[in-house]
Amino acid sequence: MWRRSVTRHGAALLASLVAVSSAVVVPAGAQPPAPTTTSRPALRFEAGLGGWISSGSTTWSHNASVVEPRVGNPSSRLEYKDVGVNFIELKGKVALRERLFLRLAFGFADIGGGRLTDDDFVSDQGATFFGTSTPGAQLISRTFSDIKGDNSWYAVVEAGGRILNFPHHRGRLDAFAGYRYWYQRHVATGVAQVECTSPAFCSPVGTISNVREDVIANEQTWQALELGFDVEYRLLRRLSVYGSGAFLPVTWFKNDDVHYLRTDLGKDPSFRMTGWGIGANMEAGATVAVLPRLALDVGYRLWWSQAIDGTWENFPIGGGGVSVPLNELRAVRQGLTIGLRFTF
């Protein structure tokens, strides 16, 4: 009987202790402790390695008729066309609380090939002077040369921030500003005469010369400020689409030509074009999340830069060069992009 009473009282005491220990005691006026959450890191980093399989062109022309009335307007027009360049691209990005970011990109490549078309024009007076087969202002000569090299590279730095998050964590819209430097160098070999309206001015059609010699080298640099937007939208759990567009309100360019066959011109350079213009860069594609921190990007990219105002200057041996208006200078590059990004 005594044992049963002790057992009953002990069980009751144990139950009371369990009930008290499981209760949360909050002092008067105090707030209960907040639930524990895992916060995201303040800084987030991305590193990427990819490629840009591209084709492009550069076209320029000038008007020397203001100092020599026998030449036309344009006087000469050169087009570096179908220039294949396959860039290797390195990227990096750091984001602060997924609101502000800084990113860098660097690409470099050898030039794989292409064709240079070199056109010369004369005025009415020039057609009479050179005794062309048809009177009047006209194209007097056209030659083709093969582009055998050389190289291209670019560097981009951009800073921006988030301006919109799409509902249900579907994506985001960012704005950014940046600076871009783009360099290209072409080397052309050989000369094939494909049009000639005056034997006094050019070689007969079909003449091929200097097949293994460098005849023209072109070196251009574009520097630009840019303003743009990025957008990304998630379609499926592992599939997103993205787009980027930037306007280049101000670009500065320098375009040098060296004509190795011209004995009357210097070689460092023979002609130089400087001035300013505008441009645009666009890219669109899709992203596949391969692993939680690894993504595959596939897209298409277009770069375009256009001169608005500039001058053309020649450098004759012995001095006495002239400066005349630059009619046009345009550089375009476009093609497929592919790359991997790792987030950490």
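Residues numbered from 1 in each chain as written. Predicted model: local features only at pLDDT ≥ 70, side-chain atom pairs only at ≥ 80, totals over all residues. Heavy atoms only, no water.

Caption draft 1: Region of the structure containing the layout of surface pockets. Here the second largest pocket defines a volume of roughly 1000 Å³. In terms of lining, the second largest pocket is formed by 38 residues, of which the most central are Ser76, Asp118, Asp120, Phe201 and Arg262. When residues of the lining of the second largest pocket are traced back to their parent elements, those giving at least two are β1 (43-62), β2 (71-96), β3 (100-122), β4 (138-165), β5 (171-196), β6 (208-234) and β9 (294-314). (1 Å grid on protein atoms, 1.4 Å probe; cavity = no way out; pocket = protein on both sides within 12 Å on 5 of 7 lines; lining within 4 Å. Points joined across faces, edges and corners; volume = space filled by probe spheres on them. Helix = DSSP H or I, 4+ residues; strand = E, 2+ residues; numbered from the N terminus.)

Caption draft 2: How the structure looks around the pattern of salt bridges. Per the stated rule, a full pass over the model turns up 21 salt bridges. Salt-bridge contacts for Asp297 lead to Arg341; the nearest nitrogen and oxygen are separated by 2.5 Å. Of this pair, Asp297 sits in strand β9 while Arg341 sits in strand β10 (residues 323-343), placing them 44 residues apart in sequence. The burial state of Asp297 is the same as that of Arg341; both residues are buried. The structure contains a network of salt bridges with shared partners spanning Arg103, Glu158, Arg180, Glu226 and Asp230. (Salt bridge = Lys/Arg side-chain N within 4 Å of Asp/Glu carboxyl O. Buried < 20%, exposed > 50% of the residue type's maximum accessible area, 1.4 Å probe, protein only.)

Caption draft 3: Representation of the pairing of β2 in the model. Alignment of β1 against β2, held across 19 bridges, turns out to be antiparallel. Of the residues in β2, the one forming a bridge with Ile53 is Asn86. Sheet topology places β2 next to β3; 18 bridges connect them, and they run antiparallel. In the strand pairing of β3, Ala95 is matched with Phe101. (Pairing = 2+ DSSP bridges.)

Caption draft 4: Highlighting a nonpolar patch on the surface. Together, Leu102, Leu104, Val157, Tyr179, Leu225, Trp252, Trp276 and Ile308 make up an exposed nonpolar region whose accessible area comes to about 720 Å². By the secondary structure assignment, Leu102 is in strand β3. (Patch = residues over 30% accessible without salt bridge, like charges linked within 9 Å, V, L, I, M, F, W, Y side chains within 5 Å. Areas by Shrake-Rupley, 256 points an atom, 1.4 Å probe, with all protein chains shown as cover.)

Caption draft 5: Layout of empty space enclosed by the protein. Inspection of the entire model under this criterion finds one cavity of 30 Å³ or more. Taken as a whole, the largest cavity spans an internal volume of roughly 60 Å³. Arg180, Trp182, Trp222, Gln223, Ala224, Leu248, Thr251, Asn281, Trp303 and Ser305 are the residues that line the largest cavity. Elements with a minimum of two residues in the lining of the largest cavity: β5, β6, β7 (239-259) and β9.

Caption draft 6: Focus on the side chain of Asp257. Tracing the chain through its elements places Asp257 in strand β7. An unpaired buried charge is present at Asp257: no salt bridge exists, and Arg262, the closest side chain of opposite charge, is 9.3 Å distant. A distance of 3.4 Å separates a polar atom in the side chain of Asp257 from a polar atom in the side chain of Trp60. Residues in contact with Asp257, not counting those within four places in the same chain, are Trp60, Leu78, Tyr80, Ile216, Ala217, Asn218, Pro269, Ser270 and Phe271. (Lys, Arg positive; Asp, Glu negative; His and termini not counted. Polar contact = N/O pair within 3.5 Å; in protein donor to acceptor, adjacent residues only side chain to side chain. Contact = heavy atoms within 4.5 Å.)

Caption draft 7: Expanded view of the packing of aromatic side chains. Following the criterion strictly, the structure yields 17 aromatic pairs and no others. With 5.1 Å between their ring centres and 80 degrees between their planes, Phe130 and Phe201 make a pair best called edge-to-face. Here Phe201 lies in the loop between β5 and β6 and Phe130 lies in helix α2 (residues 124-130), a separation of 71 residues in the sequence. Given the relative accessible area of 35%, Phe201 is considered partly exposed. (Phe/Tyr/Trp six-rings, centres within 6.5 Å; stacked < 30°, edge-to-face > 60°.)

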